[in-house]
Structure formats: C-alpha cells, structure tokens
Amino acid sequence: MSDATVVLIVMTVGTFALKSAGPLVLGDRALPVRVQQVVDLLPAALLAALAIVSTVGDGRGIVIDARLVGLVAAGIALWRRLPFVVVIIVASAATALTRLIS
Amino acid sequence: MSRPHRWIHSSNSAWRCGDNERRRTLNDASGLRTERALSPPVTTTSPDATGARLRPVNEVDDAARKRAIHRQAASIVASVAPFGIVFGAAAATAGLSLVQAMGFSLFVFGGSSQFAAVEILGDGGSIASAAIAGLLLNVRSLAFGVIMAPALVGTWWQRAAMSQLMIDESTAVGAAQHEQRWRRYGYLVAGIGVFVVWNLTTMLGHVAFAGAGDLITELGLDAAGPAAFLALLWPRLSSPPQRRTAIAGGLIALVLIPFAPPGVPILASMLGVAAARIGSQSTDRSDRPEPDTEAAS
C-alpha cells in the first residue's frame, strides 16, 4: 500500500469522525437556552473568520493582494443591496482587474 | 442578559410558524382538525392553528426561500469548480494516481485538508505529517457539527450520510438560514452541489490540466470564496451582538494566521462569541434589533 493510500484511509476515517460527531451524538436534541444562544452566534464568528482567512491567508502567513480589493468590492456591492450572484461576479472582476493593471 | 438574541428566530411570524412544521404535521395526522375548526384562529395561540392561518403566505415564502437558497448555493458551488481542477492537477503532480485523487475527493471531501495532505506527500513528507496536517484542518468540522446538528434531523444513518457533506460551503449556506428546515435544505443543496462539482473537477484536473493555478488568479476567482462568505455574513451584521461576534471572530482569526497551523484560526474564531456578551448587560434594551434584512437573497 502506497503512502498516499495510507494517508487517504487515515484521513477518511478521522475526517468522518470529526464531521459526524455533532449530528450523531447531539442529534436534534434541544440544547439548553444558554448554549443555544451561543450556537446562534457561532455562524457570525465563523463566517467572518472564513472571509478573512480566505482573503489574506495563504497557508503560512498574511498576504495582502488583489483578493482584498475583491472583498472590498463585495462589501460595496452588498451595501448597494445587489443580488448574491452579482456580488460574487463584482468581487472576481475587481480582483482580476486589479491584477491586470498592477 | 435575559434574551437579547431571541429575535434571531422570531423576527417574522411567518417564519416562526415554520418552526412548528413538524409538530403541525403530527397534529394533522392525529386528527385534531375538529378542534382547530372550533377554536377561533385569531385568538388561539396553538401552533396548529397558527400554521393553518399562515399556510398560504408560507407557500409563497417557501418558493422564494428555495430560490434564494438555490442562488446562494449555485454561486458557491461554481466558485469551487476551479479549485477542484487545481486539486486534481496538484494530486497528479504529487504522484497520486487518478484513483487515489478521486479517493480523497470522494471520501475525505474537505478541500483545504486535501490540498495540505497532497502537498506534503508531494514534498516527500511522512505519512504522519500529511495525515495530521490534513486532519487538523478538519477539526473545525466538530464545531460545524454542533452548529448544524439541530437542523440535520433523521435516522442515525441519514445523519451520518449528511455529515459527510459537512464542509465550509455547506455549513455557511445552511447556517445563514434562519429556520432549522431551511438550514437543512441549504446545507444539503450546497453540500451535494459542491460534492458533485468537486469530484468532477478533480477528475478533470487530474486528467487534463497541469497549471490551472494561473487560470484562477487571472479570472480573480480566488476572491469568489471570500465574497461568498461575506455575503452570507452580511444580513447578520444588522444586529449588535451578531456584529460584535463577527468583528471579534474575524480579528481573532486574522491575528492567529501567522502563528497557528492552517485551520486553527477559523476554529479559534468561535471564541469571538464572548464579545457578544460585552456591554449586553448594560445595553440589554437598546440591543434588541430591528428585524433583520436579507440583503444576500
């Protein structure tokens, strides 16, 4: 068995355990109110972190590049209440343009 | 601090009645129709009657809500495609066979963790380092699971099957909805969409492309993911506790990027929830926000 196959098997088992722990252990049991309040807030922290890390992260450190222009453009598009799809296109176009002229 | 966040699920009565969807169905099945007919619908507060009264409104809402979710999911699924091609190409470059590359996309199904493992393998890293780096990147699935668990109802094997779709994109679309059944719907639509596209493009990338990284940057597609996450976050920012949480979470992640292993900043951002408590005791009243708007839909 090659190295890649061993890594594949280990990661398949480990990742599935991580993914299914919540749904299988908690199920649809109602959480205590306090906990539910925290869980209601978690997506905000999570989505903000995903946006930031995917904008300025490169796996090792912080990199400021044209992606940041795209994120700002997306923010403006959202502020102008443009539809979701348009927001994505505006962000990509702004990023591509920035790279083209820099 | 009694209940400043209650508005999240109760800002709109039409949505609230949907929360009782399952109970209503049960009531219908157990023959409570007579009772409902006898009680005046305006004065009663039983979920059954409320549901019946709002049903026509709800059907219109349902169609609109589905379309909004489809639009969100479509953009996010499309944004994944170029990265699938790059993963397939990277796996080929690292010496993985097509079967191995497809194995990662089918069974591990976690974009960044697949990239990390394959990159380490390609650089001649050990089995342990590749597997540990890959798994560390997926630890955040634990937190995703806690967020999504109440929405992912079903038998244990259905919940297990739905868990396999747990990635950034499916959790983001799911968690952005305000009601459990739409959370489940958004999660499944985005998850299945990404799963199909991710695997097809992995195959395409392995077979056909070698240097697709340039294509992504030239078209600015690496900004599509960040923009999608921001768009999903946007409607929440009108509420002060949610806004404080988002700012704190974003800052925590930003500060940790240079120091922590990949994946950890996103996990640690969850601590930003503590920021929602700051000042909420003193501003409990002013904190109660106006009903949230849906800019992203």
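Criteria and thresholds
Residues numbered from 1 in each chain as written. Chains lettered and ligands numbered in written order. Predicted model: local features only at pLDDT ≥ 70, side-chain atom pairs only at ≥ 80, totals over all residues. Helix = DSSP H or I, 4+ residues; strand = E, 2+ residues; numbered from the N terminus. Buried ≥ 20, exposed ≤ 12 C-beta atoms within 10 Å, placed from the backbone. Contact = placed C-beta atoms within 7 Å. Nonpolar A, V, L, I, M, F, W, Y, C, P; charged D, E, K, R; others polar. Axes fitted to C-alpha atoms, helices over the stretch in contact; angles between N-to-C directions. Parallel < 35°, antiparallel > 145°, perpendicular 65-115°, else oblique. Left-handed = near helix turned anticlockwise from the far one by under 90°. Expected span 1.5 Å × (residues − 1). Bend = angle between axes of the 7 residues up to and from the residue. pLDDT = per-residue confidence, 0-100.

Trainee: I keep staring at the overall build of chain B and nothing clicks. Help me out?
Mentor: The helix and strand tally for chain B stands at 18 helices and zero strands. The 297 residues of chain B split such that 48% are buried.

Trainee: Where do I start with the interface of chain B and chain A in this structure?
Mentor: Where the parts come together, the accessible area they lose is often given as the size of the interface. Between chain B and chain A, the residue contacts involve 86 residues of the former and 64 residues of the latter. Residue contributions to the side of chain B that touches chain A peak at 10 residues, all from helix H14 (residues 224-233) of chain B. In terms of residue class, the side of chain B that touches chain A is made up of 56 nonpolar, 24 polar and six charged.

Trainee: Help me understand the packing of helix H9 (residues 140-148) of chain B against helix H11 (residues 168-175) of chain B in this model?
Mentor: Two measures define how a pair of helices packs: the angle their axes make with one another and the distance between the axes. Residues and elements named next belong to chain B. The N-to-C vectors of H9 and H11 enclose an angle of 25°; their axes lie 11 Å apart at closest approach. Between H9 and H11, the angle is such that the two are roughly parallel. Here the hand of the crossing between H9 and H11 comes out left-handed. In this structure, H9 uses Phe144, Ile147 and Met148 to contact H11, whose residues at the interface are Thr171, Gly174 and Ala175. The class makeup of the residues in the contact of H9 with H11 is four nonpolar, two polar and no charged.

Trainee: It is not clear to me how the environment of Gly70(A) should be interpreted in this structure. Could you clarify?
Mentor: If you trace the backbone, Gly70(A) turns up in helix H3 (residues 66-79). On the basis of neighbour counts, which here come to 31 C-beta atoms within 10 Å, the residue Gly70(A) falls in the buried class. A sequence separation of 15 residues divides Gly70(A) from Thr55(A), and the C-alpha atoms of the two residues are 8.6 Å apart. In this structure, Gly70(A) is in contact with Ala91(A), Ser92(A), Ala94(A), Thr95(A), Gly220(B), Ala223(B), Pro226(B) and Ala227(B), ignoring residues within four places of it in sequence.

Trainee: Looking at this structure, I do not really get helix H1 (residues 3-26) of chain A. What am I missing?
Mentor: One full turn of an α-helix is made of 3.6 residues, so residues set three or four places apart face in the same direction. In this model, H1(A) (24 residues) spans 35 Å end to end at C-alpha, consistent with the 34 Å of a helix rising 1.5 Å per residue. The largest bend in H1(A) comes to about 50°, at Ser20(A), with the proline Pro23(A) one to four residues further on. Of the positions making up H1(A), those classed as buried are Ala4(A), Val7(A), Leu8(A), Met11(A), Thr15(A), Leu18(A), Lys19(A), Ser20(A), Gly22(A) and Pro23(A). On its buried side, H1(A) packs onto helix H6 (98-108), helix H7 (111-122), helix H8 (127-137), H9 and helix H10 (156-163) of chain B. Two residues or fewer past H1(A), Gly27(A) is found with a positive phi of approximately 60°.

Trainee: Explanation requested: the environment of Ala116(B) in the structure shown.
Mentor: Residues and elements named next belong to chain B. Along the chain, alanine 116 turns up in helix H7. With 146 residues separating them in the primary sequence, alanine 116 and proline 262 have C-alpha atoms 9.0 Å apart. Leave out the neighbours within four places in its chain, and alanine 116 touches Ala133, Gly134, Leu137 and Pro262.

Trainee: It is not clear to me how the environment of Ala45(A) should be interpreted in this structure. Could you clarify?
Mentor: You can see Ala45(A) is positioned in helix H2 (residues 33-56). Not counting the four nearest positions on each side in its chain, Ala45(A) is found in contact with Thr245(B), Ala246(B), Ala248(B), Gly249(B), Ser269(B), Met270(B), Gly272(B) and Val273(B).

Trainee: I tried to follow the confidence of the model for chain B on my own but got confused; where do I start?
Mentor: Fine structural detail should not be taken from predicted coordinates in areas where pLDDT scores are low. Residue and element names in this part refer to chain B. Residue-level pLDDT values for chain B average 75, and 73% of them are 70 or greater. Across chain B, the element-wise mean pLDDT spans from 35 in helix H1 (residues 7-10) up to 95 in H6. Here residues 1-53 is a poorly scored stretch, pLDDT under 50, and it has 56 contacts once near neighbours within four places are set aside; other chains count. Among the prediction metrics, the complex's ipTM stands at 0.87, with pTM recorded as 0.64.

Trainee: What am I meant to see in unusual backbone geometry here?
Mentor: Glycine aside, the phi torsion of most residues is negative, and most peptide linkages are trans. The residue Arg81(A) is not glycine, and still its phi comes out positive at about 60°. Topologically, Arg81(A) is positioned in the loop between H3 and helix H4 (84-101). For Arg81(A), a count of 12 C-beta atoms within 10 Å corresponds to the exposed category. Unusually for a residue other than glycine, Phe109(B) sits at a positive phi of about 45°. Among the secondary structure elements, Phe109(B) is positioned in the loop between H6 and H7.

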